[in-house]
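Inside the fold
For reference, the chains in residue letters:
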Number of protein chains: 2
Amino acid sequence: MSDRVYLYDCTLRDGAQTQGVDFSVADKTAIARELDGLGLDYIEGGWPGANPTDTAFFAGPPALQRARLSAFGMTRRPGRSAANDPGLNDLLQARTAVVCMVGKTWDFHVTEALGARLDENIEMITDSIALARTKCEEVLFDAEHFFDGFKANPAYALRCVRAAYDAGARWVVLCDTNGGTLPDEVEEIVARVVDTVPGSHVGIHCHNDTGNAVANSLLAVRAGARQVQGTLNGLGERCGNADLIAIIPSLAVKMGYTLGISASDMTRLSHVSRMLDERLNRAPQRNAPYVGESAFAHKGGLHVSAVEKDPRSYEHISPELVGNHRRIVVSDQSGRANILARFRDIGIEIDPADPKVGHLLEFVKAREYDGYAYDGAEASFELLAREALGGLPKYFDCTSFRVIDERRWNAKGELITLSEATVKLAVNGTKVMAVEEGNGPVNALDAALRKVLIPMYPQLGAVTLVDFKVRILTPGDGSRAVTRVMIESANGDGDHWTTVGVSTNIIDASYRALHDAIVYKLYRDGVPDHTA
Amino acid sequence: MSDRVYLYDCTLRDGAQTQGVDFSVADKTAIARELDGLGLDYIEGGWPGANPTDTAFFAGPPALQRARLSAFGMTRRPGRSAANDPGLNDLLQARTAVVCMVGKTWDFHVTEALGARLDENIEMITDSIALARTKCEEVLFDAEHFFDGFKANPAYALRCVRAAYDAGARWVVLCDTNGGTLPDEVEEIVARVVDTVPGSHVGIHCHNDTGNAVANSLLAVRAGARQVQGTLNGLGERCGNADLIAIIPSLAVKMGYTLGISASDMTRLSHVSRMLDERLNRAPQRNAPYVGESAFAHKGGLHVSAVEKDPRSYEHISPELVGNHRRIVVSDQSGRANILARFRDIGIEIDPADPKVGHLLEFVKAREYDGYAYDGAEASFELLAREALGGLPKYFDCTSFRVIDERRWNAKGELITLSEATVKLAVNGTKVMAVEEGNGPVNALDAALRKVLIPMYPQLGAVTLVDFKVRILTPGDGSRAVTRVMIESANGDGDHWTTVGVSTNIIDASYRALHDAIVYKLYRDGVPDHTA
């Protein structure tokens, strides 16, 4: 049997069920691109027709290089033909290469929740998959509550998945929908399934309600399943789905299976995990397996000397394999390696012995102590690096700015909110100023900056502010709270870059991020130093 | 073989290794009492002599009712007798009923890290345990790196644990010190061990570096081990230890083993988990298995009606068994069932047929279309509901506000950023106004609002802004972008509530969220309508 295991990402669908998570279309597009770059085999974009965001996403999905885009939906309802089922039509009209259709395999659910006959449910599965096969390259059958169903009525559960396979489903995915199945049960039941449906057509979809979603997924593969479904960082409703970030290295590095993810793709794992948290505007989990900030952290003393003598003493793998690094308290070796790795990322060649590396390291550490985060703000990091190494032009100086926000009733008795920004800059020795209105303070500030700068730097006209996120870094600190703003800018030509600003004042933090966004664009375009 | 499984808690020792965790003696005492009340069999208090806190803890340990207190230490060093080993003496002088001694079982570690002969290491284990047996009721041997050792040299690893058992160790604990062993390996290796040492004397100690610590612990028990070591909430260095909070219900409720924890003890599990986070002053993990706030939360409308029809549909156990409860989340996918369930949660009795329900549902959906998210902003949802049903007092009217943010160089040549807010309100027919400065616009607006309102509503003095989050909901929309602000407020007495505001202007959105935060507090305190 082949040792190739296929990975199917559900972050954009199951992940969107996470409490407090609310993806925009831009979020979904950006995450899909990251997943594609990592080397996932399938990316589920969402459920067309279920909500406006998913419908909009499928109306203009991103072009994927390596992964296949999948749309999720349901098998036809009882008492109507597949062709006349509105939900099924919404799904097929998304025109994705792959569709994944959920159906029932638990007899109690067929009769109680669905109110259908057991045979009728088999027909619903068969019809729906047969129809989908005529429209898509690949059809997946998502066997909801499969493990509970198997425990209640193994014969019927197996009949359902076999029917799906016979109807042409490329994959039959066994879902532990309630997440209550334990590892030994999963291994045993999957082993029974692969006697009925070849393992090369069997997938596993686990939830983490008992804290076993990762183990259940790995044991299902050992039992013969060859597709694993999960989400980035274990996003998902209740206790989350199986965490692909934790599963991938165990499958590839420890168990020796072949994935679409190469060894060099694997080194981006830590970045992809943190990118998602930045997008969700939440702090990355320090103790996350493989990729967490603490995953390879060693406190001083015995561990450190043992690790430095032989890493096998307290490290189960080499952190570099997953793009993480060893953190040894009171030693900046890890920091230095980190800086050099980031230099390589942005294409700066430098001799590790160059004293500038040490200076930049100290500077970055001070900045990060203040609350700057350069994971997910590569543009700001590159500017910091270029500045430290010399050779970053000075395009303008901001001498002062003022932003006024006002909410009042106007003459017509309408409630209006107005933002107005005034900026004063020195460009090339000349003092220039402008005032602009905006729909908010950051927007007004952005508008005023552009009004002053575009005449001198026309290429800024193409730059748009795509997204910005704010996080209070010291909650509970009341009026001393430090605020971090991350701004994502776009060029119109698909080029995106993210910058960061930190201050106790959100407007000031926003200005710093806006400043970096503008300077990065000018530097990348090779604009010469005006003040030189 | 007996189905009694013994639980050994390492929170006070391994847990203290967690990055950012620093227990005081008072913390350790309080946590030990909670663990004792829960029905753990063993509580490891720490490592006497290793640090002042642990030494102080063992100088005056809490009186335990049900659990036995254990002290951790090392087997004697090479080249000296057990009686003359200072570390071993510190350990035994703690005079605990139980001691746990760590020793080597990985040949590479014996020779490299310890610089001892393989036979010498066996003698060190034997002597140390024999001596400890003369001073304590129970001695445990903690087999460091056992799984790596077994893979490298099974015969030697087994010889070490057999020697410990023969010397009188009540328990031989197999440690996956690096946390890199996968579930199938643990099950297989433990099965091999119990041929050499009876399973009723074998324990398991796992770390979560691959995200499998819980599964590894459960599979070790299936393979015959009868003691499980772990920590509350999976505290521990790197990726943490096995999470006892997740292991306990699986062992007792799902696998049918007998624990020292009774069914009624089990209902305290959620409380014990949250108590620890309170002590560590960190937010409880929402998605924690069994005990997390989201563990039994239902978001999708279909799920909700199914769960209300039959909980087995989407709940793997009854939340009450572990002292948790079902939570219905109002969200984009909201159906009528969610709204009614949320009404019950906030204590609103309403006839499902009441047309107001339909109106509110439409209103919520319209608001959510505008970008409001009531998933995670329950306070704003309650206000919305109370208003829709009538009977929400009007505490004040905001006639206007103005916020100025300025960044400039002051007379001393220092760069300063200043925020100033002016608010004008009508309270009880009187016009009141105030101006305040803040470290940012929202902080200034908050300060000005309090300055006006606290004289009339003194209870607002206790309210603090704990956290706020900002998102652009329509990135790419340029100047028509909609911003959502979520504000979390606290009362000082542990009461927290979250409110939401949406507007094209971040300051306006912040004002709306601040407004709800204030009104919610006043309503909850039963403050009468001032304008009535």
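Rules used in this analysis
- Residue numbers restart at each chain and count upward from 1, following the sequence in its written direction.
- To label them, take the chains in the order written and letter them from A, then take the ligands in the order written and number them from 1.
- Under the rules for a predicted model, residues below a pLDDT of 70 receive no local features and side-chain atom pairs below 80 are neither given nor counted, while totals for whole chains, interfaces and linings still include all residues.
- Excluded from the side-chain calculations are hydrogens and water; all other atoms, namely the structure's heavy atoms, are used.
- Numbered from the N terminus, helices here are DSSP runs of H or I no shorter than four residues, and strands are runs of E no shorter than two.
- Radius of gyration means the value over C-alpha atoms here, while the globule rule gives 2.2 Å times the residue count to the 0.38 power.
- Only protein chains enter the area calculation, which uses a 1.4 Å probe; residues under 20% of their type maximum are buried, those over 50% are exposed, and those in between are partly exposed.
- To qualify as a nonpolar core, a set must consist of buried Ala, Val, Leu, Ile, Met, Phe, Trp, Tyr and Cys residues joined through side-chain atoms within 4.5 Å.
- In what follows, residue pairs with any heavy atoms lying within 4.5 Å of each other are defined as contacts.
- For each domain, the first and last residues come from an automatic or database assignment.
- Under the pairing criterion, centres of Phe, Tyr and Trp rings, with the six-membered ring standing for Trp, must be within 6.5 Å; the plane angle then separates stacked pairs below 30 degrees from edge-to-face pairs above 60, leaving the rest tilted.
- The criterion is that NZ of a Lys, or CZ of an Arg, lies within 6 Å of the ring centre and within 35 degrees of the ring normal, and then a charge sits over that ring.
- Summary of the metric used: pLDDT quantifies the predictor's per-residue confidence within the range 0 to 100.
- Two strands qualify as a pair provided DSSP detects at least 2 bridges between them.
- Helix axes use the C-alpha atoms of the stretch in contact, all axes being lines fitted to C-alpha atoms, and the angles between their N-to-C directions lie in the range 0 to 180 degrees.

1. Notes on the overall build of chain A
Per the secondary structure count, chain A includes 18 helices and 16 strands. Relative to the 2.2 N^0.38 estimate, which gives 24 Å for 532 residues, the radius of gyration of chain A is 27 Å and therefore close to what a compact globule would have. Seen through its principal axes, chain A has C-alpha atoms that stretch 80 × 75 × 40 Å. Going through the 532 residues of chain A one by one, you find that 61% of them count as buried.

2. Remarks on the nonpolar core
Core analysis: the biggest nonpolar cluster contains 92 residues, and A:F146, A:L174 and A:L251 have the highest contact counts within it. Sorting elements by how many residues they give to this core places helix α7 (residues 154-166) of chain A first, with 7 residues. Residue contacts for A:L174: discarding those within four places in its chain leaves A:A143, A:F146, A:F147, A:V161, A:V190, A:V193, A:V202, A:G203, A:I204 and A:H205. Listed in part, the 91 residues of the second largest apolar core include B:V172, B:V202, B:A242 and B:Y257.

3. Let's talk about the domain arrangement of chain A
If you check the domain split of chain A, you get domain 1 (6-261), domain 2 (297-389) and domain 3 (396-456). Taking only C-alpha atoms into account, the centre of domain 1 of chain A sits 50 Å from that of domain 3 of chain A.

4. Some details on the side chain of B:R386
All names here are of chain B. Checked against the element boundaries, R386 lands in helix α16 (residues 378-388). Judged by its relative accessible area of 17%, R386 falls in the buried class. Those residues in contact with R386, other than ones at most four positions away along the chain, are I346, I348, G391, L392 and Y523.

5. Digging into the environment of A:G73
All names here are of chain A. Summarising the element assignment, G73 is placed in strand β3 (residues 68-74). With relative accessibility at 1%, the residue G73 sits in the buried group. The spatial distance from the C-alpha of G73 to the C-alpha of V99 is 7.6 Å, given a sequence separation of 26 residues. Ignoring sequence-local partners within four residues, the contact set of G73 consists of W47, L91, C100, M101 and V102.

6. Some thoughts on the packing of aromatic side chains
Two aromatic rings, taken as a pair, are described by how far apart their centres are and by the angle between their planes. Applying the stated criterion across every chain, the model contains 20 aromatic pairs over all chains. A ring pair is formed by A:W47 and A:F72, whose centres lie 5.1 Å apart and whose planes are at 70°; its orientation type is edge-to-face. Here the residue A:W47 occupies a position in the loop between β2 (42-46) and α2 (52-59), and A:F72 occupies one in strand β3, the gap between them amounting to 25 residues. Owing to a relative accessible area of 27%, A:W47 belongs among the partly exposed residues under this scheme. Feature note: the residues A:F146, A:F147 and A:F150 constitute an aromatic cluster, connected by ring pairs. Over the aromatic face of B:F57 sits the side chain of B:K28, whose NZ or CZ is 5.8 Å from the ring centroid.

7. Regarding the confidence of the model for chain A
Residue and element names in this part refer to chain A. Model confidence for chain A is summarised by a mean pLDDT of 89, while 92% of its residues fall at 70 or above. When the criterion is pLDDT under 50, residues 329-334 qualifies, and its contacts beyond four places in sequence or with other chains add up to 9 contacts. In the predicted assembly, ipTM is 0.75 and pTM is 0.75.

8. Points about the sheet that holds strand β8 (residues 227-230) of chain B
Strand-to-strand pairing in sheets goes through backbone hydrogen bonds, with the strands running parallel or antiparallel. Residues and elements named next belong to chain B. Taken together, the 8 strands give a closed barrel; going around it, the order is β1-β2-β3-β4-β5-β6-β7-β8, and neighbouring strands pair in parallel fashion. Direction aside, neighbouring strands of the sheet carry axes that sit 25° apart on average. Of the pairings in the sheet, the one linking strand β5 (residues 138-144) to strand β6 (residues 171-176) comprises 4 bridges and is parallel in character. From the neighbouring strand, L140 faces β6, where its bridge partner is W171. Lying on the sheet, helix α1 (residues 25-38) is in contact with β1 (6-9) and β2 (42-46); it crosses β2 at an angle near 175°.

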